[in-house]
Amino acid sequence: PTSIIHSNVKIGKRVNIGPYCIIEKDVEIEDDCELKSQIVIGSRTIIGKQTQIFPFTTIGLQSQDRKPKINEGIVKIGNNCVIREHVSIHAGTQDRNTIINDNCLIMAGCHIGHDCYLESNVILSAKAALAGHVKVEQNAIIGGGAGIHQWVIIGKNAMIGGKAAVTRHILPYSLVKGNPCFLRGLNVIGLRRNKI
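First, a word on what this report is: a plain description of the structure on this page. (Residues numbered from 1 in each chain as written. Predicted model: local features only at pLDDT ≥ 70, side-chain atom pairs only at ≥ 80, totals over all residues. Heavy atoms only, no water.)

Points about the environment of Thr-57
Tracing the backbone through its elements, the reader meets Thr-57 in the loop between strand 9 (52-53) and strand 10 (58-61). For the pair Thr-57 and Val-40, spaced 17 residues apart in the sequence, the C-alpha separation amounts to 6.5 Å. Ignoring anything within four residues of it in the chain, the contact list for Thr-57 reads Gln-38, Ile-39, Val-40, Ile-83, Arg-84, Glu-85, His-86 and Val-87. Side-chain polar atoms of Thr-57 contact the backbone nitrogen of Val-87, separated by 3.4 Å. (Helix = DSSP H or I, 4+ residues; strand = E, 2+ residues; numbered from the N terminus. Contact = heavy atoms within 4.5 Å. Polar contact = N/O pair within 3.5 Å; in protein donor to acceptor, adjacent residues only side chain to side chain.)

Structural data, given as C-alpha cells:
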C-alpha cells in the first residue's frame, strides 16, 4: 500500500512490486517481473518479462541532455534483465529511445544515458557510465568504473577493463584498458565462454 502507481499502468501476471515504489503514467510491466522497493519508473517505460529491479533505481526519467525536452522517447527494457541498486537509465530525446535488450546485467551504481542501445547479454559492472547515444553490442562486458564517451560503439564480445576511459569505437572481440584506453589484445576468455 505504500507504492504510488498511476491508474493507467499496465501490469502483467505475477508481478511483485515492493514498498515505496513510484510508477508514473504510460508504463508497462510485463509478466513475472519483480521491483524490490524504492524504485522510480518514469512515463513511457516498458519492462520486459522476468526482469528484476533492485532498490533506489530510476528508469525513464528526463535525460540530462540540454536540448529542449520535447517528444521524449521511451525506455524499453528486455526480458530476463537484472538491474541492481542505484542504477539510473534515462529517457530518450527528440523522438529517440533508450533500449536495453534481453538478458542484460546492470550492476550497482551504473548510469545509462539518453538514447543508448544495448544488445542482448551485455554486462555493465558496478559504477560503469554510458554517456548519450552509446551502442553496446551483444556479449560485451564493461568493467567497473569505466566511462564511455557519447556516440561510441562497443563491438560484440569486447571486454572493457575497469576504470577505462573510452573515447573511440571499440573493435569486436577486443580487450581494452587504461585511461585513455588502448588495445590490449584479443578477448580470448570471452571468446571461449561464448564458444567462438
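Let's pick the thread back up.
Some thoughts on the environment of Asp-95
Structurally, the position occupied by Asp-95 is in the loop between strand 13 (88-90) and strand 14 (98-100). Asp-95 sits in the exposed class, given a relative accessible area of 58%. In this structure the C-alpha to C-alpha distance between Asp-95 and Gln-50, which are 45 residues apart in sequence, comes to 27 Å. (Buried < 20%, exposed > 50% of the residue type's maximum accessible area, 1.4 Å probe, protein only.)

Description of the sheet that holds strand 15 (residues 105-106)
If you walk across this open sheet you meet the 10 strands as 3-6-9-12-15-18-21-24-26-27, and the pairing is mixed. Each edge of the sheet is formed by a strand with only one pairing partner; in this case those strands are strand 3 (16-17) and strand 27 (182-186). By the bridge criterion, two bridges tie strand 24 (residues 159-160) to strand 26 (residues 174-177) in an arrangement that is parallel. Note on strand 26: the bridge partner recorded for Met-159 is Leu-175. (Pairing = 2+ DSSP bridges.)

A closer look at the side chain of Ser-43
Along the chain, Ser-43 turns up in the loop between strand 7 (40-41) and strand 8 (45-47). Taking relative accessible area as the criterion, Ser-43 reaches 10% and is therefore assigned buried. A polar contact of 3.3 Å, which involves the side chain of Ser-43, links it to the backbone oxygen of Lys-25. Not counting chain neighbours up to four residues away, the residues in contact with Ser-43 comprise Glu-24, Lys-25, Asp-26, Val-27 and Gly-60.

Re the packing of aromatic side chains
Following the criterion strictly, the structure yields zero aromatic pairs and no others. Here Arg-84 stacks its cationic end above the ring of Phe-54, 3.8 Å away from the centre of that ring. (Phe/Tyr/Trp six-rings, centres within 6.5 Å; stacked < 30°, edge-to-face > 60°. Lys NZ or Arg CZ within 6 Å of the ring centre and 35° of its normal.)

Things to note about the environment of Ile-5
When you line up the elements, Ile-5 lands in strand 1 (residues 4-5). For Ile-5, a relative accessible area of 37% corresponds to the partly exposed category. Ile-5 sits 115 residues away from Ser-120 along the chain, and the two C-alpha atoms are 29 Å apart. Leaving out residues up to four positions away in the same chain, Ile-5 has contacts with Ile-11, Ile-17 and Ile-23.

Points about the sheet that holds strand 17 (residues 117-118)
The eight strands are arranged 2-5-8-11-14-17-20-23 in an open sheet whose pairing can be described as parallel. Of all strands in the sheet, those with a lone pairing partner are strand 2 (10-11) and strand 23 (153-154), marking the two edges. Inspection of the sheet shows strand 11 (residues 75-77) paired to strand 14 by three bridges, in the parallel sense. Note that in strand 14 the partner of Lys-76 across the bridge is Ile-99.

Description of the pattern of salt bridges
Here the structure, examined in full by the defined rule, presents five salt bridges. A salt bridge links Asp-32 to Arg-14; the shortest N-O distance between them is 2.6 Å. Of this pair, Asp-32 sits in the loop between strand 5 (28-29) and strand 6 (34-35) while Arg-14 is found in the loop between strand 2 and strand 3, placing the two residues 18 residues apart along the sequence. The partly exposed category is assigned to Asp-32, whose relative accessible area is 30%. Measuring nitrogen to oxygen at the nearest pair gives 3.3 Å for the salt bridge that ties Lys-36 to Glu-34. (Salt bridge = Lys/Arg side-chain N within 4 Å of Asp/Glu carboxyl O.)

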